[in-house]
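Take a look at the letters that make up each chain.
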Amino acid sequence: MPGNETKPSSETPTHIALPAPTMWPMVTAFGITLLVTGLVTNLAVSVVGLVVALVGAVGWWRDVLPADRHEHVPVVPPSERAQPVQVAAGRVEHLKLGQAGHRVRVPAEIHPYSSGLKAGIAGGAVMAVLALGYGLIRHGSLWYPINLLSAAAVPTLATATTEQLRAFSSTGLAVGIFAHGVVSLLVGFVYAVMVPMFPRRGWLWAGIVLPLFWTGLFYGTSKFINPALAGRVDWPWFVVCQIAFGMVTGYVVARSERIETRQTWPLAARIGIESQEERE
Amino acid sequence: MGAARRRKPKILRREGIRAARATFPLTQNHVNPARISKLKRLGLVVAGGTGSWAFGADSAQVHSIANIFKPLSAPAEAVYEISLLALLVCAGIFLVVGSLLAYAVVKFRSRPGDEGTEPPQIYGSNQLEMAWTAIPILIVFVLVLVTARTTADVQNHPLPEDSLKVRVVGHQWWWEIHYPDHGVITANELHIPVSSRDQRRPTALRLESADVIHSFWVPQLAGKTDLIPNRANDMWVEPYQTGTFLGNCAEYCGTQHAKMLLRVVVETPEEFARWIASQKAPVVQDSSAQAGRDLFFNTSCVNCHRISGTAAEGVFGPDLTRLMSRSTLAAGAASNTPENLRLWVQNPHTIKPGCLMPDMQLNPAEVEKIVAYLLTLK
Amino acid sequence: MAAASSPTISAAAEWKLPSKRKVGLICLLATESALFTIFVVAYLFYLGKSLNGPYPKDILSPPWLASVALLSSSVTVVLAERAFLRGNLGRFKLMLFVTIALGVFFLGATALEWKRLITHDQFTISSNLAGSTYYSLVGLHASHVVIGLLLLSLVWVLSLANWVGPEQHERVEMLSWYWHFVDAIWIVVFTVVYILGR
Amino acid sequence: MPASSLNPAVPIPQAAAAERPSIPSILHEWVTTTDHKRLGLMYIMAGLLFFVISGCMAALIRVQLAFPNNDFLPPQMFNRMFTMHGTAMVFLVGMPIIAGLMNYLVPLMIGARDMAFPRLNAFGFWIFLFGGGLLYFSYLAAPGLSGAGSAPDVGWFAYSPLTGKAFSRGHSTDYWILSIMISGIGSIASAINVIVTVITMRCRGMTLMKMPMFVWIVLVVAYLIVIVLPPLTAAQIMLLLDRFLGAKFFDTQAGGSAVLWQHFFWIFGHPEVYVLILPGFAVATEIIPVFSRKPIFGYAVMVGASVMIGFISLGVWAHHMFTIGMSAMSNTFFATSTMLVGIPTGIKLFNWLGTMWGGKIRFKTPMLFCVAFLFQFLCAGLTGIMLAVAPFDWQLSDSYFVVAHFHYVLIGGLLFTIFGAIYYWFPKATGKLLSEKLGKWHFWVFLIGFNLTFGPLHIAGILGMPRRIYTYDVGRGWDVWNLLASIGVIFQAVGILFFVGNILWSLWKGKKAGDDPWDAWTLEWSTTSPPPPYNFEVLPEVRSRRPLWDLKHPTDPDWKYE
Ligand code: HEA
Ligand code: HEA
Ligand code: CUA
Ligand SMILES: [Cu+2]
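Thresholds, definitions, all that
Residues numbered from 1 in each chain as written. Chains lettered and ligands numbered in written order. Predicted model: local features only at pLDDT ≥ 70, side-chain atom pairs only at ≥ 80, totals over all residues. Heavy atoms only, no water. Helix = DSSP H or I, 4+ residues; strand = E, 2+ residues; numbered from the N terminus. Buried < 20%, exposed > 50% of the residue type's maximum accessible area, 1.4 Å probe, protein only. Contact = heavy atoms within 4.5 Å. Areas by Shrake-Rupley, 256 points an atom, 1.4 Å probe, with all protein chains shown as cover. Near = heavy atom within 4 Å. Polar contact = N/O pair within 3.5 Å; in protein donor to acceptor, adjacent residues only side chain to side chain. Nonpolar A, V, L, I, M, F, W, Y, C, P; charged D, E, K, R; others polar. Core = buried A, V, L, I, M, F, W, Y, C linked by side-chain atoms within 4.5 Å. 1 Å grid on protein atoms, 1.4 Å probe; cavity = no way out; pocket = protein on both sides within 12 Å on 5 of 7 lines; lining within 4 Å. Points joined across faces, edges and corners; volume = space filled by probe spheres on them. Donors = N, O, S within 2.8 Å, 3.2 Å for Na, K, Ca; no water. Phe/Tyr/Trp six-rings, centres within 6.5 Å; stacked < 30°, edge-to-face > 60°. Buried area = accessible area lost by both parts, 1.4 Å probe. Salt bridge = Lys/Arg side-chain N within 4 Å of Asp/Glu carboxyl O. Pairing = 2+ DSSP bridges. Axes fitted to C-alpha atoms, helices over the stretch in contact; angles between N-to-C directions. Expected span 1.5 Å × (residues − 1). pLDDT = per-residue confidence, 0-100.

A. How the structure looks around the overall build of chain B. A tally of helices and strands in chain B yields 10 helices and 14 strands. For chain B, the residues scored as buried account for 60% of the 378 residues in total. Look at the contacts in chain B between residues 6 or more apart in sequence, and 65% of them connect residues 24 or more apart. For chain B, the accessible surface area stands at approximately 14,300 Å², while carbon and sulfur atoms represent 58% of it.

Given below as C-alpha cells:
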C-alpha cells in the first residue's frame, strides 16, 4: 500500500476556523484572584476584583453567545507544510520460531491459565496432606502445622508455646487456609505461565529447582517472616513438602493441553508476530 | 544489680544467625541476642559507630546515635525485625530488576551498523506479563502477613497490670511528663526502669497534646506515635539496656519544632525508685536564695510555671520543681548549666528563638537572684 | 498533508464521538460530587460531637414545603426543555419562569430558616460543630442553587428577548442537567441534615 | 494579521524574523491566545520559572543544614522556606508542567486542532499563574498590607490545628489556602478539558485502544485530578471558615478533630503524588519505545495498569497517617492497599524493560533521562514499599528517609522524565534541536548531584533525623550525610545551569529539527516543527497505535498485528 499518499491538495482548505483569541478568560481569572486577595488585604481589593471578574465573565459570555467566535486562519503555502512521511529504506528484523530468545519473547504455545489454578489447588492439597501428616506423626496434632503457618500473621500464635500450637485455633485455621490457598494458587498460576518458558526438562525446573530456590529464600528470611516456624521447622520435611508441591503442580500444568498463543496468529486482535510469513 | 542486661559480645555474622535460630526465645523475643552487628552488615554505620556499641552500659551513657536498626527495646525490636525483612526483600527486588535493566541497557544498545534496520517488533507477551504480575503479588502477600502480625503485636500488646504508667503531654515546644501513680510531674526528661530477662518492666505511655500535633519518637525504644489534641494515644516501651536515649518531636509543630528534643533515661529499678523518691520528696526551702525566690514569686514567672508546694501553679510552661535534676534546658535546647540558665532567664530567645516563654526584661541583678533561686530547685 | 494516514478505513465508516458539552458537564458534576461528598462526610463525622448547644435536634425542622418546591422544579425544567425542543417558545418561557420561581422560593425558605436559626436560636456557624457543618453544607448547596438560578434567569431573559434559538438546544439541556444535579444533591443534603442529623 | 506571526509555538525572537512585529503586539498575542500549544508552552515556562525559584529555596535549606548548629537561616525563615519550597514544587512546578505537556501534546497526538474548551484552557492557565503569584506575594503582605509580611510556615500539608487562628496568626496561612485553592480551580479546569478533548476529539480511526499510551495515561491523570482536587478544596474552604468566621471544623478546643484534616488532605494528597508521577510514566512510555525502536511492550496491560493505579491510589491515603494511632486493623488495611499499588507500578516498570529488551537502544539525551528514571524510580518505589510496611513507617515516618523517598520519586521520577520530555519535544515546539553535548553534560552533572543529595539522606533518616528541623546538634551522626547532601546541590544547580544554557543556546543557534528528528511514530511528528496554529491542514486518520510506523513500513504495518 503506498504509505505516502497525500490527500489531493484540492481537499486542503484555504482557511481553517480556530477559536478567536480573547482576553476575557484572563480578565476573569485576574478578577477572581483579586477577589480572594481582598480577603487577606483590604475589602476594596475584593470589590475591584468582583467588578473585574464580572466584566470578564460578561466578555466571555459574549465570546460564546450565541455561538463560539472563530477566526479563520489561512493555511500556509504548500512549501511550508510538513513533508510527506517517507517509506523507510531499512529493513525490519523478524523473530523466527525456534530462534534464541523467541520462546521467552513470543511464546508460540502456552498452558491455559486455568490449568495453573487447578495445578495450584492440586499441589497445595498434596502439600497440605504431607504437612498434616507430619503434624500427626511428629506432634500428634493436625492443627500444629496449620497454626505454625498462621503464626506468620497472628501474633498470639507467633508467641505461643508448642503446646498451644498443638491445640485447635479457629483464627489459626482460617488464616492458615487462606494463606496456604492464596500462595498455592498464585504459585500454580506462575507455573502455568513460566514452565513453558524453560527450554527443556520442565519437570526439573518445576519439581526441584524452583522449590529449592524458594526454600532457600525462605530459609534466609524465615526468622522475620515467621519466627515461630523458623524456630521449629524440620527442614528436611519442609523441603520434601515443597518438592512434592512443585512436582504435582508442575505435572498438572504439563498435562494440560497447550493452546496456541494469539502471538502466532497473524491477524489476531491483540498481539502480532513476525513469524507469520514463515508459516504462510 | 544484675538487671541491666549485658549483651553478649559480638558474634560473627553467620554464627549469629544460626545461634539465633537455635535459641530464638519465642516467648520473649525482646531478649533476642541475634541482633549483633546487623548494622555492620547493612553497611550503615559509617558515622560514629561508637555510642551504644559499648556493652554493659550504665545509666549515664548517652545513646546519641538513634539508629533505628539498633533497637534496644521490645517494640523497637519487633519493628526492627520486620524492617529488616522489608529491607531485604526490597534490596532483593532492586538487585534483580536493577541488573535486568542494566543488562538490557548494555546488551541492547544500538551498535554502529545498526542504522537502517529495525529490531523485531514485539508487541507483548501475556505470559511474561502474567508472571510479573503474579510474582509481585506473592511478595506483597508475604509482606502483608508479616505486617499484620507485627502491627497487631505492637499495638495490641498486653502489658502487665503493674507496669509503669506515664502521661506525656506535648506543648509547643516542650514535653510535660506525669507519673500519675506517683504524683510526680516533670518535663522533657522521661525516667523509666529497664527490663531484664526475668522481669518485664514495660512502661505504658499515654500521649496527649495541649496545643498542636507533636510526635513522640525515640528511635531506639519504639516507633513514633503522635500526640494529638483532643485525642489520647497509647504506646509502650520496654528497654533492655540502661542509658540515656535521645529522641525528637517528629511532627512539625511550629517555629521551634527542631528544638523539641526528648531524653529518656533508662535506669535500673533501684535507680528509678531512687529517682521517683527524690522527685516526690518535699521541696526544701533554701534560705540562701530567699531574694531570688521573692523575685520569682513577684514576677509573672508564677503564672506559667509550677513549683510544687508553693504558690507557683502555672501550667503554661514546664514544671520547675526539680529543674536542676534535669540535664538540659528547654527541651534539649541547651545543657543545664548555671550560665545557660542565666542566659535563658535573661532572654530565652537567644537560646531558643521564637519559643513561647517571653523575654522578661529583667536587669542583670534580678537575673542573678532568680537564677540563684532556680539553682536551689534540686 | 501526509499524516493523512495509512489506508483509509472505509470512507463511509461512521466516526461519531460524544458531545463535548455533555462530557464536560459530566466531569464538572463529578468534581462537584466529590466536593459535596467531603462536606457530607464532615457532617456525618461530627454528628453529635458538639460540645455545647444549640443542638440540631432542638432547632432544625425539615423544610418539607421548600423541598417539594425544589424537587418539582426539576419537573418544570424538563417540561421547559421539551417545549423548547418542540419549538414552543411561549411554553418554554413559562416553564422556565416557574422553575426560577420555585428555585427562588426554595432559597427564600432557606434564608428565612437561617434567619430564624441565627436570631432566634442563636445558632451560628461559630456556635459549635453542628453549626459549622450545617451552614457549610446547606450553604454550599444554596450557592449552587444561586448559580443555577443565575443561569436560568439569563436564559429566561435572553429568551424573552427572543435571542435563544433552536441551535442553543444543547446548552439548555445542559442547564437542565445541572439543575437536576442541584436537586439530587438536595435529596442527599436533606437526608443527611434533617433526617440522619436529628 | 500576517500569517507568519500567527504561527504559534514561537517563544523565540528569531521566529518573528519576517516582519518583526512589535513587542507589545507579540505580548498581546500571547496573552489573548487560546491556542493549546502556546498555553502549553506558557504553562511549562511558568513551571520552570517557579522551579528555579523554589529550587533556590531548596539550596538555601541545604546551606542551613550543611553543618550542625548552623545559623544561616533563623528558624521561622527556614520553616517558611520549606513550606514554600514544597508547596511551590508540588502546585506551581509539578502541576503546571504536567498541564503544559498535556495541553501541548494531547491535541497533536490525537489529531485534533485544539482543546475542547480553548477559552477555559486559557482561564485555567491564568488563574494558576495568578494563584502562584498570590502565594509568593505573601512574602510581602502576609499579615495584611500594613504589616511586615511573611510567607506561610505550616508545611506543605498544613496540618491543623497548627493552621488554626490560635496557632497561626496573621494572614500567612490564608495566603497558602487561597492561592492553592484558586490554582486548584485552574487544574480542575484543565483536567476537565483534557478528558473532554480525549473523549470527543480523537481523529478518525483512533479508538480508545489505539490512542498513544501518553494520551491514555494523561486521561487517567485528568480523571484523578477531577476526583481528588475537590477534597482539598473542600478542606480548605472549611479551614477558611474556621479562620474567618470562627467555624469549628478543626478547632480541637471545641471538640473538632485534628485528624479529620489529615484524612481530607491525604485523600487528595496521595492521589496527587500519582497525578505527579503518572505523566512521568506517560513521557517514558513515549520515549522508551522510540529510542528502543520497538513498540511499547504489552499495550493493553499498560493501559490496565495505569487505570488500576488510578483506582487503587484512591484507597491508600492513610499510609501518611500510620503514626496517628489508628487501630491495628486500619493500619494493616492501608499497608496492604499501599503495597498493592506496587503491583501495577511494577507491571509498568517490567513492560518498559520488555520494550528495551531486544531493541536497538539509541542513547540520545531524552533516552538517557528515561533510563536514569527507571533506575531511580525503582529505588524510590522500593523505599515506598518500606514505608508502606506500617511498623517500619512508625520509625521512618517524618524522618529524612521520607524526604529521600519522595525526592527520589519527584526528582528521580518526575523531574527526570520532564527533562526527557523537554529534550524530546523541544524540537517539535521550536523547530530547533537541543544540543546533545550540553544535554549530556546536563544529564550527568544533574544525575550525580541528585544522587549525592538524596542518597545520603536515607541514612540520615535511618539514624533518626526528623524532617523539617532547622538545625541539629553535633554528635547524632547526621553531620556527614547532611554535608554530602548539601554538596550535591551544587552539582544539581550546575546541571540546571547547563539546562538553561542549552535552551538559550539552542534557540539561538540550534540545529534545525525538521518534522521528525527522532524517527518517531505518533501523529505530532507528521506535522511541521513548530506546528501551524491549526496543527494539521487535513485532520489525519489512523489505523493503528503507530500511524507513522505504518507509513514508514508499509510492508510491516502495525494494524495487521494489533
Ligand atoms: C511522585 C510521587 C510519589 C510516588 C510515585 C510515590 C510512590 C509510593 N509511595 Fe510515596 N510519597 C510521596 C510521593 C510519591 N510516592 C511524597 C511526596 C510523600 C511525602 C509526603 C509528605 O509527607 O510530605 C510520600 C510519602 C509516602 C509514605 C508516607 C511516609 C510517611 O510520611 O510516613 C508512604 C507510606 O506508605 C509512601 C509509599 C509509597 C509507595 C508504596 C509508593 C508506590 O507507588 C511505589 C510503587 C513502585 C514500586 C514498588 C517499584 C516498582 C515495582 C516493582 C519492581 C515490582 C515488584 C515490587 C514489589 C513486589 C513490592 N510514600
Ligand atoms: C517536585 C518536587 C520537588 C523538587 C523538584 C524538589 C527539589 C529539591 N528539594 Fe525538595 N521538597 C519537596 C518537593 C520537591 N523538592 C516537597 C514536597 C517537600 C516537603 C516540604 C514540606 O516538608 O512541607 C520538600 C522538602 C525538601 C527538604 C526537607 C526540608 C525539611 O524537611 O526541613 C529538602 C532538604 O534537603 C529539600 C531539598 C531539595 C533540593 C536540594 C532539591 C533540588 O533538586 C533543587 C535543585 C534546583 C536548584 C538548585 C535550582 C536551580 C538552580 C539554578 C537556577 C542555579 C543557580 C542556583 C544556585 C547557585 C543555588 N526539599
Ligand atoms: Cu513538637 Cu514538633
Ligand atoms: Cu502517599
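There is more to say after this.
B. Representation of the site of ligand 2 in the model. All names here are of chain D. Inspection of the region around ligand 2 gives 31 residues, with Arg62, His85, His407, Arg468 and Gln492 positioned closest. Measuring from an oxygen atom of ligand 2, one finds a side-chain N or O atom of Arg62 at 2.8 Å. Ranked by residues supplied to the shell around ligand 2, first place goes to helix H3 (residues 36–65) with 8 residues. Grouping the amino acids of the shell around ligand 2 by side-chain chemistry returns 22 nonpolar, 6 polar and 3 charged.

C. Molecular detail of the site of ligand 1. Residues in close proximity to ligand 1 total 33 residues, the closest being Trp156, Tyr274, Asp393, His405 and Arg467 of chain D. Surrounding ligand 1 is a set of residues that belongs to chains B and D. At a separation of 2.7 Å, an oxygen atom of ligand 1 approaches a polar side-chain atom of Trp156 of chain D. Take Ser397 of chain D: an N or O atom from its side chain is 2.8 Å from an oxygen atom of ligand 1. Breaking the shell around ligand 1 down by element, the ones donating at least two residues are helix H4 (126–155) of chain B together with helix H8 (258–292), helix H10 (328–356), helix H11 (365–388) and helix H13 (400–430) of chain D. Across the shell around ligand 1, the residue classes break down as 21 nonpolar, 10 polar and 2 charged.

D. Quick peek at the nonpolar core. In terms of nonpolar packing, the biggest core is built from 375 residues, with Tyr179 and Phe216 of chain B, Tyr134 of chain C together with Phe214, Trp352 and Phe416 of chain D touching the most fellow members. Take this core: its biggest share by element is 22 residues, from helix H7 (residues 213–245) of chain D. In contact with Trp352 of chain D, other than residues within four places in its own chain, are Phe281, Ala284, Thr285, Ile288, Ile296, Met302, Phe373 and Leu374 of chain D. Of all hydrophobic cores here, the second largest spans 25 residues; its members include Ala312, Leu320, Leu362 and Leu374 of chain B.

E. Fine view of empty space enclosed by the protein. Residues and elements named next belong to chain D. For the structure shown, the criterion picks out 11 cavities of 30 Å³ or more. Its volume calculated, the largest cavity comes out at about 200 Å³. Glu286, Pro289, Ile296, Arg545 and Arg546 are, among the 17 residues lining the largest cavity, the residues nearest its centre. By residue number, the principal contributor to the lining of the largest cavity is H8, which donates 4 residues. Its residues assigned to classes, the lining of the largest cavity shows 10 nonpolar, 2 polar and 5 charged.

F. The coordination of the copper ion (ligand 4), seen in detail. All names here are of chain D. Protein-derived ligands of the copper ion (ligand 4) are His270 (ND1), His319 (NE2) and His320 (NE2), with the metal-ligand distances lying across 1.8 to 2.1 Å. Read in sequence order, the donor residues for the copper ion (ligand 4) give the motif H-x48-H-H. Between the copper ion (ligand 4) and the iron atom of ligand 1, a spacing of 4.4 Å is present. Residue His270 is found in helix H8, and its partner His320 is found in the loop between helix H9 (299–312) and H10; the two are separated by 50 residues along the sequence. According to the relative accessible area criterion, His270 is buried, its value standing at 4%.

G. Broad picture of the packing of aromatic side chains. Summed over all chains, the structure comprises 92 aromatic pairs over all chains. Seen from their ring centres, Tyr113 of chain A and Phe189 of chain A are 5.5 Å apart, and the 40° between their planes marks the pair as tilted. Of the two residues, Tyr113 of chain A is situated in helix H4 (residues 113–139) and Phe189 of chain A in helix H8 (residues 170–194); the sequence distance between them amounts to 76 residues. A relative accessible area of 25% places Tyr113 of chain A in the partly exposed class. Aromatic side chains Phe50 of chain D and Phe128 of chain D sit 6.1 Å apart centroid to centroid with 75° between the ring planes, which places their arrangement in the edge-to-face category. With Phe50 of chain D in helix H3 and Phe128 of chain D in helix H5 (residues 118–141), this residue pair connects regions lying 78 residues apart in the sequence.

H. Seen up close, the interface of chain D and chain B. Facing 98 residues of chain D, the contacting portion of chain B comprises 89 residues. Taken together, both faces of the contact between chain D and chain B bury some 7,800 Å²; the carbon and sulfur share is 69%. Area buried by chain D at its contact with chain B is led by Trp394, Gln395 and Arg476 of chain D, which between them contribute 10% of it. Our enumeration of links across chain D and chain B arrives at 1 salt bridge. Arg293 of chain D is paired through a salt bridge with Glu118 of chain B; the nearest N and O atoms lie 2.9 Å apart. Where chain D packs against chain B, one counts 30 residue pairs in polar contact (both at pLDDT 80 or more). Sorting the residues of the side of chain D that touches chain B by element identifies helix H4 (75–109), H8, H9, H10, H11, helix H12 (390–396), helix H14 (436–462) and helix H15 (479–509) of chain D as the ones contributing at least two each. Grouping the constituent residues of the side of chain D that touches chain B by class yields 56 nonpolar, 29 polar and 13 charged.

I. Main features of the sheet that holds strand S7 (residues 203–209) of chain B. All names here are of chain B. Spatial strand order, S5-S4-S3-S7-S10: 5 strands in an open sheet with mixed pairing. Lying at the two open borders of the sheet, with one neighbouring strand each, are strand S5 (184–187) and strand S10 (233–237). Strand-to-strand twist across the sheet, computed as the mean angle between neighbouring axes with direction ignored, equals 25°. Relative to S5, strand S4 (residues 174–179) runs antiparallel, the two being bridged by 4 bridges.

J. Region of interest: the side chain of Thr163 of chain D. Residues and elements named next belong to chain D. When you line up the elements, Thr163 lands in the loop between H5 and helix H6 (172–200). Using a relative accessible area of 0% as the deciding quantity, one classes Thr163 as buried. Setting aside chain neighbours within four positions, we find Thr163 in contact with Val154, Ala158, Ser168, Thr173, Leu239 and Arg243.

K. Quick look at unusual backbone geometry. Of note, the amide linkage connecting Gln172 of chain B to Trp173 of chain B takes the cis form, showing an omega dihedral of 5°. Along the chain, Trp173 of chain B falls in the loop between strand S3 (164–171) and S4. Omega for the bond connecting Ser529 of chain D with Pro530 of chain D falls within 30 degrees of zero, at -15°, which places this linkage in the cis form. As for its placement among the helices and strands, Pro530 of chain D is situated in the loop between H15 and helix H16 (547–552). Even without glycine at this site, Asp398 of chain D takes up a positive phi of about 55°.

L. Representation of H10 of chain D. Residue and element names in this part refer to chain D. The terminal C-alpha atoms of H10 lie 42 Å apart, and with 29 residues this matches the ideal 42 Å at 1.5 Å per residue to within 8%. Taken across its 29 residues, H10 has 23 buried, putting it largely inside the fold. Where H10 terminates, the next one or two residues include Gly358, which has phi positive at roughly 80°.

M. Representation of the confidence of the model for chain C within the structure. Residue and element names in this part refer to chain C. A residue-level look at chain C finds 93% of positions with pLDDT of 70 or above and a mean pLDDT of 88. Within chain C, no element has a lower average pLDDT than helix H2 (residues 56–59), which sits at 87, and none a higher one than helix H1 (residues 20–45), at 95. Note on residues 1–12: pLDDT is under 50 here. Beyond four places in sequence and across chains, it has 39 contacts. Taken over the whole predicted complex, pTM reads 0.91, whereas the ipTM for its chain interfaces reads 0.91.

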